[in-house]
Amino acid sequence: MTSLTHNAPERITVRIPTASGDEIEAWVYLPGGTGPHPVVVMAHGIGAIKACGLAPFAERFREEGFVAIAFDYRNFGGSDGQPREVLSVPRQREDYATVIGWAADQPYIDPRKVIIWGTSFAGMHVVELAASDTRLAGAITQAPLTDGLAAAIMAPPKLGVRLFGLALLDVLGALVGRQPIYIPGHGKPGELSIGATPDGVFGERLMTPKDGTPWHNRVAARSLLSFSWRRPVRRAASVRVPFLLVVPESDSIAPVPAALKVARKAPRAELFRSAGGHYDVYEGGAGFADVLRTQVEFLHRHFGAAIEKKHV
């Protein structure tokens, strides 16, 4: 099992084994001091990888005394799994659970203070796991998708029909061993993509890895059938841990009414309405500074960490 000490680099890459034999690649951000520290387990949205804008959040959490673990789901980014960019909701949820378990076993992490964090599509997983995984002490989600059916209905009818047709064709192809049919992650209105919205190109620019990490920005069409019928919003009342929802003032991808319903139904939910749209929660967006400040305040208020700055 991989272990770290307080003398480790501020960020290291680890490989975490899974039951399938594939390994999950994760970045571990370690604060100063010997701990044990609270930990924030982080993953991205549909088709995105950890290099797509998670580092600014993880780095700040580390500075505030929290371990941050940002990982790629299997079949995406630096993690194993074939075919590439095929999304499975159960598999992604299992990956969260695997990383949570790995984190809780590390001697420098406080297993009583494990917080799950997810952005965009990962809101689906955050709600479900916050309602069911008793190892979790808290949860944060931003610009969250919490209702797959509501998101499917948001798509323009013509685009929805095209996407559904490609999804069925891709499923049939998979049965005879064909390679996936891929759909771009972002695009302009009218283009064939998952995020064909007015701010889609802006979002792609913000999320494109600044460190040169390869990102294909696509998802297999068959993936759409894995989540369009899933509705974690219905489990909101079962979330008993402190739960911060950052919901943009306007969101053309993740249905705002569903996210607000989660905030109303979850007994310990806290709601923050961020400026701008879906992508404005990321660095470079209109809401980023306030979003990050709100998340840090939430973490300290519920899971306060002793801060010991590293000496360079």
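Refer to the structure printed above.
This text gives an overview of the structure that appears in the document. In this text, all values refer to a predicted model and were calculated from it rather than measured experimentally.

The subject of this paragraph is helix α3 (residues 123-132). Judged by how many residues are buried, α3 sits mostly within the fold: nine of 10 residues are covered. When α3 is considered as a whole, its buried residues turn out to be G123, M124, H125, V126, V127, E128, L129, A130 and A131. Against the buried residues of α3 lie α2 (89-104), β5 (109-119), β6 (138-142), α4 (148-154), β11 (243-248) and α7 (256-265).

This paragraph deals with the side chain of R62. Along the polypeptide, R62 turns up in helix α1 (residues 55-63). Setting aside its immediate chain neighbours within four residues, R62 contacts E10, Y29, L30 and P31.

It is generally the case that most residues other than glycine have a negative phi and that most peptide bonds are trans. Here the bond from G35 into P36 is cis, since omega is 5 degrees, no more than 30 degrees from zero. In this fold, P36 is placed in the loop between β2 (23-29) and β3 (37-43). With an omega of -10 degrees, the peptide bond between Q82 and P83 qualifies as cis. In this fold, P83 is placed in the loop between β4 (67-71) and α2. Backbone geometry places E85, a non-glycine residue, at a positive phi of 55 degrees. Tracing the backbone shows E85 in the loop between β4 and α2. For E85, a relative accessible area of 5% translates into the label buried. Unusually for a residue other than glycine, A143 sits at a positive phi of about 45 degrees. With respect to the helices and strands, the residue A143 is situated in the loop between β6 and α4.

With that out of the way, let us pick up the sheet that holds strand β1 (residues 11-17). Strand order in the open sheet made by the eight strands is β1-β2-β4-β3-β5-β6-β11-β12, with mixed pairing throughout. At either end of the open sheet lies a strand with only one pairing partner, and these are β1 and β12 (269-274). Averaged over all pairs of adjacent strands, the angle between strand axes in this sheet comes to 20 degrees, irrespective of strand direction. Of the pairings in the sheet, the one linking β3 to β5 comprises six bridges and is parallel in character.

All right, on to the packing of aromatic side chains then. Taken as a whole and assessed by the stated rule, the structure comprises seven aromatic pairs. With a centroid separation of 5.4 Å and 80 degrees between ring planes, the pair formed by F57 and F288 is classed as edge-to-face. One end of the pair, F57, is in helix α1; the other, F288, is in helix α8 (residues 288-303), with 231 residues separating them in the sequence. Since its relative accessible area comes to 13%, F288 is described here as buried. Taking 6.2 Å as the distance between ring centres and 70 degrees as the angle between the ring planes, the aromatic pair formed by Y73 and Y96 counts as edge-to-face. Here the residue Y73 occupies a position in the loop between β4 and α2, and Y96 occupies one in helix α2, the gap between them amounting to 23 residues. Given the relative accessible area of 2%, Y73 is considered buried. Through pairs of rings, three or more aromatic residues link up here, namely F57, W117 and F288.

When β11 meets β12, the two strands line up parallel, connected through six bridges. The residue bridging V246 from the neighbouring strand is F272, located in β12. Handedness of the β11-α7-β12 crossover: right-handed.

Relative to the elements of secondary structure, A167 occurs in helix α5 (residues 157-175). Distance in space between the C-alpha atoms of A167 and V241 is 36 Å, their sequence separation being 74 residues. Once you skip the residues sitting within four places of it in the chain, A167 turns out to touch A221, R222, L224 and L225.

Here the idea is simple: oppositely charged side chains can pair when their charged atoms come close. Counted according to the given criterion, the structure contains 19 salt bridges. For R15, the salt bridge goes to D80, with nearest N and O atoms at 2.8 Å. In this pair, R15 is assigned in strand β1 and D80 in the loop between β4 and α2, connecting sequence segments 65 residues apart. Put simply, R15, E23, E25, K50, D72 and D80 are held in one network by salt bridges that share partners.

Calculation notes
- Residues numbered from 1 in each chain as written.
- Predicted model: local features only at pLDDT ≥ 70, side-chain atom pairs only at ≥ 80, totals over all residues.
- Heavy atoms only, no water.
- Buried < 20%, exposed > 50% of the residue type's maximum accessible area, 1.4 Å probe, protein only.
- Helix = DSSP H or I, 4+ residues; strand = E, 2+ residues; numbered from the N terminus.
- Contact = heavy atoms within 4.5 Å.
- Pairing = 2+ DSSP bridges.
- Axes fitted to C-alpha atoms, helices over the stretch in contact; angles between N-to-C directions.
- Phe/Tyr/Trp six-rings, centres within 6.5 Å; stacked < 30°, edge-to-face > 60°.
- Right-handed = clockwise from strand over helix to strand, strands pointing away.
- Salt bridge = Lys/Arg side-chain N within 4 Å of Asp/Glu carboxyl O.

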